[in-house]
Amino acid sequence: MNLKTKLTYIVMLFFCISMYAQESYPLKGKVVDKSDNQPIPGVNIQVVKTSKGASTDFDGNYQISVKKGDILQFSFVGYISQTIIVDSQKTLNISLEEDANALDEVVVVGYGTRKKKHLTGAMSTLNVKDKGLDKIAVSRLDDALVGQVAGLNVAATEGEAGSDPTIRVRGVGSLNGDSAPLIVIDGLVVDSDFLGNLDMNEVETFDVLKDAASTAIYGSRGANGVIQITTKQGKEGKTSFSYNSFFGFKEAKQSDDYYFTVAETVAAERAATGTLSNRTAYKELLTQTTGIDRDWQDVIFEGGTITTHSFNARGGSKNTKFSASLGYNHDEGVLLTDDYKRYNARLKLDSKLSDKIKIGVNFAPSYTRRRRFDGSTHDILRQTPWLPLYHDSNSIQFVDTATYPNVQVGDYAIQRHFDNFDLFGDGSVLQDISNTSNTNPAAKVLERDRNDYKFKLAGLFYGEYKIVDGLKFRASLGGDYQNTFRNRWQGVLSNRNGAAAASYFESNETRIHTLSEGYFTFDKAIGGHEFNAVLGASAEKWDWQGDSALGSGYTSDLVQTLSAATILNEIQSYTYEEGFSSFFARVNYAYNDKYLASLSFRRDGSSIFGIDNKYGNFPSASVGWVVSEEDFLVESEILTTLKLRASFGVTGNKDIDTNNNLTDLYPSISLLGTDNYNSQAAFVALNIANPELQWERLIEFNPGIDFGLFNNRITGSLDYYTRTSDQLLLFNPVPSSTGFSAALENLGEVRNSGIELEITSRNIATEDFRWGTTVIASHNKNELVDFADSNGQIQNVDSKRAAEWINLVGNPISSFYGWVVDREIPLEFINDPYHPAGGQAQDVYVKDLNGDGLIDDDDKTILGNPYPDLVWSVSNNLRYKDFDLSFMFQGSHGAEIRNMGDQYLFNHFNSGQDFDTSTTPDQGFIKEKIFTDAIVQDASYIALRNVTFGYNLPNDVANKFGASSFRMYATAQNLLYFTADGYTGFNPESINNTSATTYGYQRAGSPIFSTISFGVNVQF
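Not measured: the values here are computed from a predicted model. Numbering of residues starts from 1 in each chain and follows the order in which that chain's sequence is written. Reporting of local features is limited, given that this is a predicted model, to residues whose pLDDT is at least 70; pairs of side-chain atoms are given and counted only at 80 or more, and all residues count toward the totals for whole chains, interfaces and linings. With hydrogens and water stripped out, all remaining heavy atoms of the structure feed into the side-chain values.

## Some words on the overall build of the chain
Now for step 1: Strands here mean DSSP runs of E at least two residues long; helices mean DSSP runs of H or I at least four residues long; both are numbered from the N terminus. Along the backbone of the chain there are twelve helices and 54 strands.
Now for step 2: Throughout, radius of gyration means the C-alpha value; the globule benchmark is 2.2 Å times the number of residues raised to the power 0.38. Taken against the 2.2 N^0.38 rule, which gives 31 Å for 1020 residues, the C-alpha radius of gyration of the chain at 33 Å falls within 12% of a compact globule.
Now for step 3: Considering only C-alpha atoms, the chain reaches an extent of 135 × 65 × 65 Å along its principal axes.
Now for step 4: Taking all 1020 residues of the chain together, the buried fraction comes to 51%.
Now for step 5: Shrake-Rupley sampling with a 1.4 Å probe provides the accessible areas, and residues are treated as covered by the protein chains on show and by no other component. Accessible area of the chain: about 43,800 Å², with a carbon and sulfur share of 54%.
Now for step 6: Side-chain charges in the chain split into 90 positive and 126 negative, and the spacing between the mean points of these groups amounts to 12 Å. Each residue's exposure class comes from its accessible area (1.4 Å probe, protein chains only) as a fraction of the maximum for that residue type: buried when under 20%, exposed when over 50%, partly exposed otherwise. All tallies of charge rest on Lys and Arg as positive and Asp and Glu as negative; His and the ends of each chain are not included. Where a charge lies is defined by one atom per residue type: Lys uses NZ, Arg uses CZ, Asp uses CG and Glu uses CD.

Below, the structure written as structure tokens:
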């Protein structure tokens, strides 16, 4: 051994002795998420150079024994691991950054989980924390999903506080059935109304299943897509508490097109004629005296506040973990009398009784009180701008005391009060001014009281038994209970007919839904082969019971009960039930993380259908190839991830939605109801029985690509789909000798096809600054392929205002139909173009499309449809040190709506707006505007949907308040909202709930609103 070698061994021996001689010492600190300084519970800490272990608390605190020179590795699922060399420090705080390459992430699929990289269907996952959904100030959590997932369209169709939006996944596929997606909360199927009773702070993730391969495991229930919601659960360690709250202000978007004043009318008439008519002169005098020349939008769109409080506690031991929450929400809405309150709670408990047995319970009660806006915007807003709300000393002097001798200061003002006014004070002109005999428009709302009270309880108990390694059996029993009490008082002053029209309505409905399930799961890896299988069965039942009554004959508003009514009518009571049973199976396979396949099958049975057709079969298959794992791509510096996938599947639909529970639930059998003929009770047939009715069927093919570029700094997916719905539950015409005009049959076919794109990029990722962008876009084409004997049927929503829709093969299900406008009728031919204020002619010249010199039905054509060509959003998330900023622009293009509101608000009904039949030329070419494209309007929009600015207090400052983290933020929704030229309404998304064949009907609608809120998130 030479001298050099000897010296080397001596140095190494000395180093080892010195290391062994070092005494260990305690090292403590916190591990937090780098993006928001929130503690990461359960972090794995490995001390590489010694055998010492580590213990972690739930709140992210740790304390371990180390020596100088030890190598520590901090790691957690979904985050980039961090390695530190110990250098005598006593405190070490660590910030972990999320790992965009975490492809081993496990996601929730129907009846189980699967590695994200093994998915072969079209599925999008939203993490509430990552997306900042819990920072959006909304009453319902589904409102926060706008613009978050390609192919998921969430439209704010109602403006009332607490009202549910319209949710569609990949278009409308049913004509008389429900097209809403299935909602599953922690494995329990619930109706969409339950989304209004969840607090966003309870939710961990949303999983949106879009294609048949993903949804077929739910069979008929997944025909319109599935939204799976996973709530937060407890974790081992010290109990962690959090408090979340925000307070905001809401303001309705008004329409400049529907804003008109007497001053504008005066100016227009004077400019056109050089003088004023007596009626206009009177209006000018009245507004100058009272100072009232109002926009009624300012009265009924009063705005309001929104307040939310949420308190959560999570923790547990090694074997038992819990999560508990309490929530309160108060939303005043933006409409007069609108008010919504929600109280909610949740307890989620999971316990491991042994190595083989695990049980759990999820229990969620809630209570809501909703005072409704009991009126219609179009009816109120068409009132004249000179009308006061209440009489005062200025307006009372104009009242026709001969006709209304008892009117006093403080009373509601109505238009007829101002008729027969002595305009010149000499009795020469007694001028009328009114154009309606209605009561005061505000009284129609303020003198009514309409309320919905709902108590809901959803719960699920499960037990899981591990039979052998990889094989488990899980059984669950759950359901939901819902009681809804509604009442509606229409007071003495709410109607022009006074006490004779006063009424009180009351209804009470209870619904009980029970679910029992049992299924086996099998997970096994053999070499490069991974198998996952599910086999099970379930049974469900729904029971409804309700009653209602209407009372009238009231003389005052003092006692608002049924017992105070002198007449009781419309008394009803009912009991319904529905049964449902299923058998399901699925097998997933992966080889070397490269070659993927999935097969599923479900057989559903429903009490709705006839004895020979109760069951439907719903299979699916999908395959995937992770090309980026192949040798020729594995070293690529550009294409990091590339997965090709394709799916094919069949789902079904059983739901019929005709607003008649009796015929919807029992359509296959003959039904009788009661009616009165000549004051004698009688039985009448309600339907034509069809024992051959069977499931609607939806067949879908979906190829797709998932990709990641430049070490997954850019990731995304591209999907193409075609979904054909056939065997539709369609009302087909029948001979009138049957006593009916149509009967329910399985006929017709609808196709939805489209493209969906999602792209996410990490633009900048440094220690102090992070910036990420997400872009989504979707295009869907709806086409009626077969409509049997109903092809070409023409329908209307309101027989009094019978604008037409056509259902014609080769076109979208619901297409607007009518004449094309040529030109307006010149004002010189209108009887009184300046009365009422803001009035417009209800007629218009139309085009002779076939050139035969006549205007008839042969000149009608399709005028548009209510389905958008493109829906998109662009989201940005930025963080600089302790500051964060996020915002989303979202838009929709290509859809149209039929805005019947124009006819009301522009007073098309008024005789003053009629054309003079003695002087107007070419009257054979004139048609009412409601039958033309004059009120078919572009419903495109671009909105700044969400913007949030937040600040995280440094940990040492937060600790002074007794908190582990403290975040303050300001957020706004719809801060900017741009509509298309020519759109006159308040909200292009607002569409009346009519039917799939008359979709796109708007009668002015509820307003879109903006919200500005301020909030805090505190962790203890």
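Picking up where we left off.
## Thoughts on the confidence of the model for the chain
Caution applies to low-pLDDT parts of the model: their predicted coordinates are not meant to be read in detail.
Now for step 1: Residue-level confidence of the predictor, termed pLDDT, takes values from 0 up to 100. Taken as a whole, the chain shows an average pLDDT of 87; of its residues, 94% reach a score of 70 or greater.
Now for step 2: Any two residues having at least one pair of non-hydrogen atoms within 4.5 Å are treated as being in contact. Counted against residues more than four places away or in other chains, residues 13-21, with its pLDDT under 50, gives four contacts.
Now for step 3: Taken together, the stretch residues 49-58 has pLDDT below 50 and engages in 28 contacts with residues farther than four places along the chain or on a different chain.

## Side note on the pairing of strand E24 (residues 448-468)
Along any regular strand, the residues point their side chains to alternate faces of the sheet.
Now for step 1: In the sheet, strand E21 (residues 357-371) pairs with E24 via 15 bridges, with the strands oriented antiparallel. In the sheet register, Tyr-367 faces E24, and the bridge partner there is Phe-455.
Now for step 2: Hairpin remark: E24 followed by strand E25 (residues 471-490), antiparallel, with two residues in the connecting loop; positive phi at Gly-470, about 90°. DSSP bridges decide pairing: two strands pair if at least two such bridges lie between them.

## Overview of the packing of helix H4 (residues 262-273) against helix H5 (residues 278-290)
Now for step 1: Lines are fitted to the C-alpha atoms to define the axes, a helix being fitted only along its stretch in contact, and any angle between axes, read from their N-to-C directions, falls within 0 to 180 degrees. For the pair H4 and H5, interaxial distance at closest approach is 10 Å and the crossing angle is 145°. In this structure, H4 crosses over H5, and the sense of that crossing is left-handed. Here Val-262, Val-266, Glu-269 and Arg-270 of H4 come into contact with H5, specifically with Thr-280, Lys-283, Glu-284 and Thr-287.
Now for step 2: Residues are grouped as follows: Ala, Val, Leu, Ile, Met, Phe, Trp, Tyr, Cys and Pro are nonpolar; Asp, Glu, Lys and Arg are charged; every other residue, Gly included, is polar. Here the contact of H4 with H5 is composed, by residue class, of two nonpolar, two polar and four charged. Left-handed describes a crossing whose near helix is turned anticlockwise from the far helix through less than a right angle; right-handed describes the clockwise counterpart.

## A closer look at unusual backbone geometry
Now for step 1: Residue Pro-836 is reached from His-835 by a cis peptide bond, and omega for that bond is -5°.
Now for step 2: In the Ramachandran plot, Phe-710 falls in the positive-phi region, its phi being about 55° despite a non-glycine side chain.
Now for step 3: With respect to the helices and strands, Phe-710 occurs in the loop between strand E34 (696-709) and strand E35 (714-726).

## A look at the pattern of salt bridges
Now for step 1: Basic side-chain nitrogens of Lys or Arg form a salt bridge, by our definition, when they fall within 4 Å of a carboxyl oxygen of Asp or Glu. With the rule as written, the count across this model stands at 51 salt bridges.
Now for step 2: Notably, a salt bridge pairs Asp-186 with Arg-346, separated by 3.9 Å at the nearest N-O pair. In this pair, Asp-186 sits in the loop between strand E13 (182-185) and strand E14 (188-190) while Arg-346 sits in strand E20 (residues 339-352), placing the two residues 160 residues apart along the sequence. You'll find Asp-186 and Arg-346 in the same group, each marked buried.
Now for step 3: For the salt bridge of Glu-202 with Arg-346, the shortest nitrogen-to-oxygen distance reads 2.7 Å. Taken as a pair, Glu-202 in the loop between E14 and strand E15 (203-209) and Arg-346 in strand E20 lie far apart in primary sequence, 144 residues in all. Judged on exposure class, the residue Glu-202 and its partner Arg-346 are both buried.
Now for step 4: Connected through shared salt-bridge partners, Arg-170, Lys-210, Glu-700, Arg-723, Glu-756 and Glu-758 make up one network.

## Examining the side chain of Thr-368
Now for step 1: Mapped onto the secondary structure, Thr-368 falls in strand E21.
Now for step 2: Ignoring any residue separated from it by four or fewer positions in sequence, one finds Thr-368 in contact with Asn-197, Tyr-340, Lys-341, Arg-342, Asp-452, Tyr-453 and Lys-454.

## Considerations on empty space enclosed by the protein
Now for step 1: In this analysis the probe radius is 1.4 Å and the grid spacing 1 Å, with only protein atoms considered; a cavity is a set of points the probe fits into but cannot get out of, a pocket is an open set with protein on both sides within 12 Å along at least five of seven lines, and lining residues have an atom within 4 Å of a point. Grid points are joined across faces, edges and corners, and a volume is the space filled by probe spheres set on the points. Going through the model one piece at a time under the given rule, you end up with nine cavities of 30 Å³ or more.
Now for step 2: Taken as a whole, the largest cavity holds about 610 Å³ of empty space.
Now for step 3: In this structure, the largest cavity is lined by 41 residues; those nearest its centre are Asn-153, Ala-155, Pro-868, Val-871 and Ser-892.
Now for step 4: Within the residue set of the lining of the largest cavity, elements represented by two or more residues are strand E11 (152-155), strand E12 (166-169), strand E38 (749-765), strand E39 (769-786), strand E46 (870-880), strand E47 (883-893) and strand E48 (896-899).
Now for step 5: Grouping the constituent residues of the lining of the largest cavity by class yields 23 nonpolar, 13 polar and five charged.
Now for step 6: Val-138, Asp-143, Ala-156, Asn-974 and Phe-1009 are the residues nearest the centre of the second largest cavity, which is lined by 29 residues in total.
Now for step 7: Among the secondary structure elements, those contributing two or more residues to the lining of the second largest cavity are E11, strand E51 (941-952), strand E52 (965-979) and strand E54 (1009-1019).
Now for step 8: Of the residues in the lining of the second largest cavity, the class split is 14 nonpolar, eight polar and seven charged.

## Considerations on the nonpolar core
Now for step 1: Buried Ala, Val, Leu, Ile, Met, Phe, Trp, Tyr and Cys residues that are joined via side-chain atoms within 4.5 Å together make up what is termed a nonpolar core. Core analysis: the largest hydrophobic core is formed by 45 residues, its most contacted members being Tyr-282 and Phe-418.
Now for step 2: Where this core is concerned, the elements lending two or more residues are H4, H5, helix H6 (297-300), helix H7 (377-381) and helix H11 (901-905).
Now for step 3: Beyond its immediate chain neighbours, meaning those up to four positions away, Tyr-282 contacts Phe-398, Phe-418, Phe-421, Leu-423, Gln-431 and Ile-433.
Now for step 4: Among the nonpolar cores identified, the runner-up in size contains 28 residues, and Leu-126, Leu-145, Ile-183 and Leu-515 belong to it.

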